[in-house]
Amino acid sequence: MPVPELQQWIAEMARDLVDRPDAVAVEVVEEEGATVFELEVDPEEMGRIIGRQGRTVQALRTLLALASARDGRNYELEILE
């Protein structure tokens, strides 16, 4: 899956989790050997993205790791405050 499609997918998943979907933004940053998706949400919605004991964000990162393996690239997800 190309990077713009992954960026859109992450944004859609995050919008489904929060009450203020208009505040969701995903930026793509190329770092050394990795494509980093920086997810920004309303600070009050941070708990919804992280989930209990980090389970929600871990699930998103697991799915992104599967895409990394499939594409042969290194993708990472960062949550910005």
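In the block above lies the structure referred to throughout.
In this text, all values refer to a predicted model and were calculated from it rather than measured experimentally.

Draft legend 1. Local environment of the overall build of the protein. Looking only at helices and strands, the protein features three helices and three strands. Taken from N to C terminus, the helices and strands of the protein fall in the order α-β-β-α-α-β. Here the C-alpha radius of gyration of the protein, 12 Å, is about what a compact globule of 81 residues would show, namely 12 Å. Taken along the three principal axes of its C-alpha coordinates, the protein extends 35 × 25 × 20 Å.

Draft legend 2. Fine view of the nonpolar core. Core analysis: the biggest nonpolar cluster contains 19 residues, and Phe-37, Leu-39, Leu-64, Tyr-75 and Leu-77 have the highest contact counts within it. For this core, the secondary structure elements donating two or more residues are helix 1 (3–17), strand 2 (34–40), helix 2 (46–50), helix 3 (55–71) and strand 3 (75–80). By residue number, the principal contributor to this core is helix 1, which donates five residues. Each residue touching Phe-37, except ones within four places of it in the same chain, is listed here: Val-3, Leu-6, Gln-7, Ile-10, Val-26, Glu-27, Val-28, Leu-64, Tyr-75, Glu-76, Leu-77 and Glu-78.

Draft legend 3. Quick look at the pattern of salt bridges. This structure, assessed with the given rule, holds six salt bridges. Here Arg-48 and Asp-19 are joined by a salt bridge, their closest N and O atoms 2.9 Å apart. Here Arg-48 is found in helix 2, whereas its partner Asp-19 is found in the loop between helix 1 and strand 1 (25–31), with 29 residues between them in sequence. Salt-bridge contacts for Arg-48 lead to Glu-45; the nearest nitrogen and oxygen are separated by 3.3 Å. Exposure remark for Glu-45: the relative accessible area of 3% places this residue in the buried category. Salt bridges sharing partners connect three or more residues here, namely Asp-19, Glu-45 and Arg-48.

What counts and how
- Residues numbered from 1 in each chain as written.
- Predicted model: local features only at pLDDT ≥ 70, side-chain atom pairs only at ≥ 80, totals over all residues.
- Heavy atoms only, no water.
- Helix = DSSP H or I, 4+ residues; strand = E, 2+ residues; numbered from the N terminus.
- Rg over C-alpha atoms; globule rule 2.2 N^0.38 Å.
- Core = buried A, V, L, I, M, F, W, Y, C linked by side-chain atoms within 4.5 Å.
- Buried < 20%, exposed > 50% of the residue type's maximum accessible area, 1.4 Å probe, protein only.
- Contact = heavy atoms within 4.5 Å.
- Salt bridge = Lys/Arg side-chain N within 4 Å of Asp/Glu carboxyl O.

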